[in-house]
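Now for the letters of each chain:
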There are 4 protein chains.
Amino acid sequence: MAKLYFRYSAMNAGKSTALIQVAHNYEENDRQVVLFTAAIDDRFGSGLITSRIGPQREARTFDSVLDFYAEIAMMSAISCVLIDEAQFLTPDQVRQLHRAAHLLDIPVICYGIRSDFAGEPFPGSAYLLTLADSLEELKNICSCGRKATMNPRFDARGERIRSGAQVAIEGVVEYRPMCARCFYGGLSR
Amino acid sequence: MAKLYFRYSAMNAGKSTALIQVAHNYEENDRQVVLFTAAIDDRFGSGLITSRIGPQREARTFDSVLDFYAEIAMMSAISCVLIDEAQFLTPDQVRQLHRAAHLLDIPVICYGIRSDFAGEPFPGSAYLLTLADSLEELKNICSCGRKATMNPRFDARGERIRSGAQVAIEGVVEYRPMCARCFYGGLSR
Amino acid sequence: MAKLYFRYSAMNAGKSTALIQVAHNYEENDRQVVLFTAAIDDRFGSGLITSRIGPQREARTFDSVLDFYAEIAMMSAISCVLIDEAQFLTPDQVRQLHRAAHLLDIPVICYGIRSDFAGEPFPGSAYLLTLADSLEELKNICSCGRKATMNPRFDARGERIRSGAQVAIEGVVEYRPMCARCFYGGLSR
Amino acid sequence: MAKLYFRYSAMNAGKSTALIQVAHNYEENDRQVVLFTAAIDDRFGSGLITSRIGPQREARTFDSVLDFYAEIAMMSAISCVLIDEAQFLTPDQVRQLHRAAHLLDIPVICYGIRSDFAGEPFPGSAYLLTLADSLEELKNICSCGRKATMNPRFDARGERIRSGAQVAIEGVVEYRPMCARCFYGGLSR
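Residues numbered from 1 in each chain as written. Chains lettered and ligands numbered in written order. Predicted model: local features only at pLDDT ≥ 70, side-chain atom pairs only at ≥ 80, totals over all residues.

A.B. asks: Whenever I open this one, the relation of the copies chain C and chain B confuses me. Can you help?
C.D. replies: The second copy of the chain is related to the first by a rotation about an axis and a shift along the axis. With an RMSD of 0.0 Å, the fit of chain C onto chain B corresponds to turning through 180° and sliding 0.0 Å along the axis. What the rotation and shift describe, once combined, is the action of a two-fold rotation axis. Rotation axis and chain C: the residue whose C-alpha lies nearest the axis is Ala126(C), separated from it by 2.7 Å. Of the interface residues in chain C, 100% have counterparts in chain B that sit at the interface too, so the contact is made through matching surfaces. (Least-squares fit on C-alpha atoms with pLDDT ≥ 70 in both. Contact = placed C-beta atoms within 7 Å.)

A.B. asks: Help me understand helix 4 (residues 123-131) of chain A in this model?
C.D. replies: The α-helix advances 3.6 residues per turn, and as a result positions three or four apart in sequence lie on the same side. In terms of burial, helix 4 of chain A is a largely internal element, 8 of the 9 residues being buried. Within the span of helix 4 of chain A, buried status applies to Gly124(A), Ser125(A), Ala126(A), Tyr127(A), Leu128(A), Leu129(A), Thr130(A) and Leu131(A). Elements that come into contact with the buried residues of helix 4 of chain A comprise strand 1 (4-8), helix 3 (91-103), strand 7 (108-112) and strand 8 (134-137) of chain A together with helix 4 (123-131) of chain D. (Buried ≥ 20, exposed ≤ 12 C-beta atoms within 10 Å, placed from the backbone. Helix = DSSP H or I, 4+ residues; strand = E, 2+ residues; numbered from the N terminus.)

A.B. asks: How do you make sense of the interface of chain D and chain A when you look at a structure like this?
C.D. replies: A common way to express how large an interface is: the accessible area buried when the components associate. On the chain A side, the residues contacting the 25 residues of chain D number 25 residues. Within the residue set of the side of chain D that touches chain A, elements represented by two or more residues are helix 3 (91-103), helix 4 and helix 5 (180-184) of chain D. With 6 residues, the single largest contributor to the side of chain D that touches chain A is helix 4 of chain D. Looking at side-chain class alone, the side of chain D that touches chain A contains 11 nonpolar, 8 polar and 6 charged residues. (Nonpolar A, V, L, I, M, F, W, Y, C, P; charged D, E, K, R; others polar.)

A.B. asks: Explain the sheet that holds strand 2 (residues 32-38) of chain C to me, please; I cannot follow it from the model alone.
C.D. replies: Backbone-to-backbone hydrogen bonds join strands into a sheet, with any given pair of strands oriented parallel or antiparallel. Residue and element names in this part refer to chain C. Spatially, the 6 strands line up as an open sheet ordered 5-2-6-7-1-8, and their pairing is parallel. Because the sheet does not close on itself, it has two edges, and the strands there are strand 5 (60-62) and strand 8 (134-137). Neighbour to neighbour, the strand axes of the sheet diverge by 25° on average, direction disregarded. As judged from the 3 bridges shared by strand 6 (residues 78-83) and strand 7 (residues 108-112), these two strands associate in the parallel manner. The partner of Leu82 across the bridge, within strand 7, is Ile109. Helix 1 (residues 15-28) rests against strand 1 (4-8), strand 2, strand 6 and strand 7 of the sheet, and its axis sits at about 175° to strand 6. (Pairing = 2+ DSSP bridges. Axes fitted to C-alpha atoms, helices over the stretch in contact; angles between N-to-C directions.)

A.B. asks: I keep staring at the relation of the copies chain D and chain A and nothing clicks. Help me out?
C.D. replies: Its rotation angle being 180°, the transformation that places chain D on chain A also includes 0.0 Å of axial translation and leaves an RMSD of 0.0 Å. Looking at chain D, 100% of its interface residues are interface residues in chain A too, so the copies touch through the same face.

A.B. asks: I tried to follow the sheet that holds strand 10 (residues 160-161) of chain C on my own but got confused; where do I start?
C.D. replies: Residue and element names in this part refer to chain C. The 3 strands lie next to each other as 10-9-11, forming an open sheet whose pairing is antiparallel. Each of the sheet's edge strands pairs with one partner strand only, and the pair in question is strand 10 and strand 11 (174-175). Where strand 9 (residues 153-154) lies against strand 11, 2 bridges are found, and the strand directions are antiparallel. Looking at strand 11, one finds that Arg153 is bridged to Tyr175.

A.B. asks: Can you walk me through the pairing of strand 1 of chain C in this structure?
C.D. replies: In summary, the side chains of a regular strand alternate between the two faces of the sheet. Residues and elements named next belong to chain C. Burial within strand 1 is extensive, with 5 of its 5 residues counted as buried. Both strand 1 and strand 7 contribute to a ladder of 5 bridges, which runs parallel. Within the sheet, the bridge partner assigned to Arg7 lies in strand 7 and is Tyr111. Taken together, the 4 bridges between strand 1 and strand 8 define a ladder with parallel strand orientation. By the bridge assignment, Tyr5 is partnered in strand 8 with Ser134.

A.B. asks: Is there a simple way to think about the environment of Leu103(A) in this case?
C.D. replies: With respect to the helices and strands, the residue Leu103(A) is situated in helix 3. Each C-alpha atom of the pair Leu103(A) and Ala23(A) lies 22 Å from the other, and the pair is 80 residues apart in sequence.

A.B. asks: What is the right way to read the packing of helix 3 of chain A against helix 4 of chain A from this model?
C.D. replies: Two measures define how a pair of helices packs: the angle their axes make with one another and the distance between the axes. All names here are of chain A. At a minimum axis separation of 8 Å, helix 3 and helix 4 run at an interaxial angle of 30°. Between helix 3 and helix 4, the angle is such that the two are roughly parallel. When the axes of helix 3 and helix 4 are compared, the crossing they make is right-handed. On helix 4, the residues touching Pro91, Gln93, Val94, Arg95 and His98 of helix 3 are Pro123, Gly124, Tyr127, Leu128 and Leu131. Split into classes, the residues belonging to the contact of helix 3 with helix 4 amount to 6 nonpolar, 3 polar and 1 charged. (Parallel < 35°, antiparallel > 145°, perpendicular 65-115°, else oblique. Left-handed = near helix turned anticlockwise from the far one by under 90°.)

Encoded structure:
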């Protein structure tokens, strides 16, 4: 009966905040959760999930070789698995999490963005979007006021970067939530 | 184009957290928001919206006579109206907010619970559910692990209270998020 | 684990079509369903659920005194209860259906509109919106192109009717799906 | 303001029915729509969209080289583009449709399945899931009664087929809507 959830959004919508809230809700019911975040993302320190409105939680980190199914199968008394920065999961790891939810009966809730700075899917996100039992959007706005769905990359001087590797962690570059119309440069007719 | 949103849940799902996050998202885009909470609810001090995971914001309070349409029509440069404890709105106030969203073109996002300790609708919630352009659920769990949708009332000794007034603010009594099966007392066949 | 679902929309969005499709899906899986529609609604003949794109199914009718809980408790081998014109349920009947889903473990899926010609809630819809475990919108468009959420009433000459009884079945009068902005008469500033 | 919609489901949930209903809704408002289906899919005759509950509509067909953006830019007086069997779109075509919605301001509504018989994404579906402004699920049930999300393939004798090409149109083989637990073979602990 457990499900795999993917709660997606553009950058800075409040994914980490929402994850920390869900962890809190389980713990208020005397239930244990386990939190993961990507080892790749050390914006706020390795193994930390940090909400931009304040709260912070320690988390286990995952790299691309962790076997989530084996890991979760060994856990006892866990009521929910919560994963931040889920766009960095590999397709294999998403499949492991899908199996864990359905064969080990433990809910798995993943938070992440869908597309990179060029509008291309993150492989992990593509598999989460394909397999998750529940897709839910957390909303953020573009600077124009419309709902943001894209994540363009900018350099330190605020110039849009249109080529480069899929992964470049914030700090050197900056990502901004943007609607598709602004992302593509405006209305054509 | 603006809409009236109602984001509802059972008790303690994280409504105030979500509201504070949305306010933060608008402000990061250099946009102003206005926050309201019910004057009736002074759990955390009058005019405060408090997240159980930490963050807190001051808010204007509303009573049952505030005319939201007139109020919002006088505001300039406001990009979003955010209302916590929206179950305490009157039906007239919900209609005012609906008109404000559609005639003044300002998004209005309301957070609240749907039903009282007896499973009866709050009048304001019934009108929000009827008129809102977008209904979105924030989830919480019952102590049994299922999704909570009900809000039963308990006394200081943990005894279920089955009669009384619709409004009795937390402190003297306690509300717990509960699934409908537990609320009704369990499976019949 | 069964749930109470309310799938709502403005007029003419395709609720009956969707209901007939769900019945078909269950039956393709060799599962039995039971269909109800309001006795009050004889637009297409008493006890018929008729899709505007063609398909039609016979259905049992409900009036305001049918006890749905008692009725469903006596049914054997039913996998799903499907109810059209659910805005005509009484609050008591919605509570019966809510209990049936959760205590008898049979999914109940209700289709209906939310508000009447004046924008007021149907009592049954208000209770469905308050108690349903899942609220899902079927979309239709206003003549202006925006999403319709309202159901204004017109007379035979196409004049808007602004007062009268909540229930006046189509034929004598006509209902049109309309967005809130058009419903209220247009933008104010 | 127009959006790209992806309405996804497992096999046989009623996608074609829903598409035909939406076309009908637009036409009732004196608005024109254009319908597309995949050239690859001639289950019911080339260029036909057929609901399993009866209704049928002619549609234009798309192959992998059609440029949807150029095509839509040349259309006049079209209020909505409706695409069935959207899992057969190429990633480039999804990007064209995304641009058309946002730069030509015409809503595009795509209906399709997410994963193939092996649980792998269709490339077109992965891009739709990544870029669509709105993701909405049409539900169907597994033979066990749970929600179906997977699409396993069976041969004429009802034997599960676990290898082969991603595309093999119904007739020679059969697809069945299935929940993930049944898809993987059942609960492990």
